[in-house]
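# Breakdown of the fold
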Amino acid sequence: MEKKKNQLSRREALKLFGTGIIGVAMATTGISSISAREVEPKEPMVARRKQKGTSNMAPLLGFGMMRFPTLSDKSIDEELSLKMIDYAYKHGVNYFDTAFNYHGGTSEIFAGKALKRYPRASFYLATKMPGWMVTSLDKAKEIFATQLERCQVDYFDYYLLHSISREADYVRVYEEIGTLDYLIEEKKAGRIRNLGFSFHGSNELFDKMLEKYDWDFVQIQLNYHDWDQIDAKYLYKRLEEKDIPCIVMEPIRGGMLAKLNPDAEAVLKGVHPDKSIASWALRYVASLPGVLTILSGMSAMEHVVDNVHTLSTEFQPLNDEERVALDKALNIFLKTRPIRCTACKYCMPCKFGVDIPANFMHYNKCVNESNIPERDSQSPEEFERRKKIFLEGYYSIPEEARADKCRLCGRCERSCPQRLKIADEMERITKLVQSLQ
Ligand code: SF4
Ligand code: SF4
């Protein structure tokens, strides 16, 4: 029989996605812009894991769509982002995670534009209900319909209650307004294939959430920093006990674990001189057997290439020697007291114009590069060197967006999934700057 234009043969599908995805790939009718022949035989394919109770073979690496590279007007750099998506897809990364609010609402639209070039059954698409916008059941329905339209699909493979963090908010939106029952109806109608939630709350609330519904999966923040520091291990272990697939967000903590301070990095480079620092974070999470997919919000082509190589079919869990090195590096890193911001921007915009993540990223960069000036503990020369670097970076933030414009109102703190004391941290940065003038 003549092969339809763009149709995948079994051989091509195997070559493109490996044996794991064959069930999905063979269900497709065609592939528009990527030819399996474009993937060299020796190039890595991402590893896959089976979702229990389903035929889904999820890629170990998923593409988080909240941190695309941007142009000077802050819009998504679509040309570069499409190249990144194509590279990822060609190497088996076919789980894409967007949300109503990512990139100011343009991430879903871009996801639709990018993914419609591929056969619908060849990728998994996840998005989320922004509960904080839901004032009525009609509003929830309107949001869901808008998401289908934006993404140019007629169903979502994974649909999440976005960022559950406070019980009162959950009860109001999902129980009193009836949004959960509505989403369950959408699942019965086939417009949602798997229903879950993403979580940023307390352990107590997590336990309550697990009893609310027979969730198909749950998305949690997990990485080697948060395992103990914010007790992510509790959430992971509860999911294991209940046999619920775990999807991981922030494996590199918004980039914080992609670059450590020099002493911590030296420990890791001593074991694997040729491996990126970020690869340790991905391997730590991938070593947990209950993890189905690890979402990485990749913002440059080199992130995609490095992550695909790290989580390829050649992936090996961390061994004992590597775990000892990682513990040692983390302990060194924690002594630098970085601000635990993941640059998610949920706190933005600040009513008074402060660019919260920009200030925190600058501070953390100086922490990582040993450039925090401390008059009492450094030689005068070293203090002056650090002072110059710190102030240059601080003054590169637009004046109206600097930490000293913070009015300490604390309004932003309610939206921070990391529960950071943002006002206190802004005051700390402001005092440091004042002490240098
Ligand atoms: S505490 Fe500061 S950064 Fe946060 S909203 Fe108020 S002024 Fe803005
Ligand atoms: S301060 Fe909190 S909400 Fe704001 S960008 Fe950082 S982690 Fe996200």
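Overview of the structure. Just so we're clear, the structure is a prediction, and the values are computed from it rather than from any experiment.

The rules we used
- Residues numbered from 1 in each chain as written.
- Chains lettered and ligands numbered in written order.
- Predicted model: local features only at pLDDT ≥ 70, side-chain atom pairs only at ≥ 80, totals over all residues.
- Heavy atoms only, no water.
- Near = heavy atom within 4 Å.
- Helix = DSSP H or I, 4+ residues; strand = E, 2+ residues; numbered from the N terminus.
- Nonpolar A, V, L, I, M, F, W, Y, C, P; charged D, E, K, R; others polar.
- Buried < 20%, exposed > 50% of the residue type's maximum accessible area, 1.4 Å probe, protein only.
- Polar contact = N/O pair within 3.5 Å; in protein donor to acceptor, adjacent residues only side chain to side chain.
- Contact = heavy atoms within 4.5 Å.
- Axes fitted to C-alpha atoms, helices over the stretch in contact; angles between N-to-C directions.
- Parallel < 35°, antiparallel > 145°, perpendicular 65-115°, else oblique.
- Pairing = 2+ DSSP bridges.
- Right-handed = clockwise from strand over helix to strand, strands pointing away.

On to the site of ligand 2. Around ligand 2, the surrounding shell holds 15 residues, and the nearest of these are C341, C344, K345, C347 and C416. The element best represented in the shell around ligand 2 is helix 15 (residues 356-368), accounting for three residues. Its residues placed into classes, the shell around ligand 2 shows 12 nonpolar, two polar and one charged.

Bringing the side chain of H162 into the picture now. One can find H162 in strand 6 (residues 156-164). Given the relative accessible area of 5%, H162 is considered buried. Looking at H162, its side chain comes within polar contact range of the side chain of Y346, at 2.9 Å. Leaving out residues up to four positions away in the same chain, H162 has contacts with A99, Y102, K128, M129, P130, W132, Y174, S198 and Y346.

For ligand 1, the full set of nearby residues is C350, F352, I356, C406, R407, L408, C409, G410, C412 and A423. Across the shell around ligand 1, the residue classes tally to eight nonpolar, one polar and one charged.

What follows concerns the packing of helix 4 (residues 106-115) against helix 5 (residues 137-151). The relative placement of two packed helices comes down to the angle between their axes together with the axis-to-axis distance. It is at 7 Å that the axes of helix 4 and helix 5 come closest, and there the two elements cross at 40 degrees. In terms of orientation, helix 4 and helix 5 fall into the oblique class. Of the residues in helix 5, those in contact with E108, I109 and G112 of helix 4 are Q147, R150 and C151. Of the residues assigned to the contact of helix 4 with helix 5, the class counts are two nonpolar, two polar and two charged.

For A300, the location among the structural elements is in the loop between strand 10 (291-296) and helix 13 (301-310). As for A300 and S81, which are separated by 219 residues in sequence, their C-alpha atoms are 8.1 Å apart.

This paragraph deals with the pairing of strand 6. The element strand 6 is largely enclosed, with a buried count of nine among its nine residues. Bridge analysis of strand 5 (residues 124-129) against strand 6 gives four bridges, and the strand direction is parallel. The residue of strand 6 that forms the bridge with M129 is L161. In this view, the connection linking strand 5 to its parallel neighbour strand 6 by way of helix 5 has right-handed handedness. Here six bridges tie strand 6 to strand 7 (residues 192-199), and the two strands are oriented parallel to one another. Its bridge partner being in strand 7, Y158 is matched across the sheet by N194.

Here we come to the sheet that holds strand 8 (residues 217-221). The strand order 3-4-5-6-7-8-9-10 describes a closed barrel built from eight strands, whose pairing is parallel. The average undirected angle you get between the axes of adjacent strands in this sheet is 30 degrees. For strand 3 (residues 61-64) and strand 10, the ladder comprises three bridges, and the chain directions are parallel. Among the inter-strand pairings, G62 is bridged to a residue of strand 10, identified as L295.

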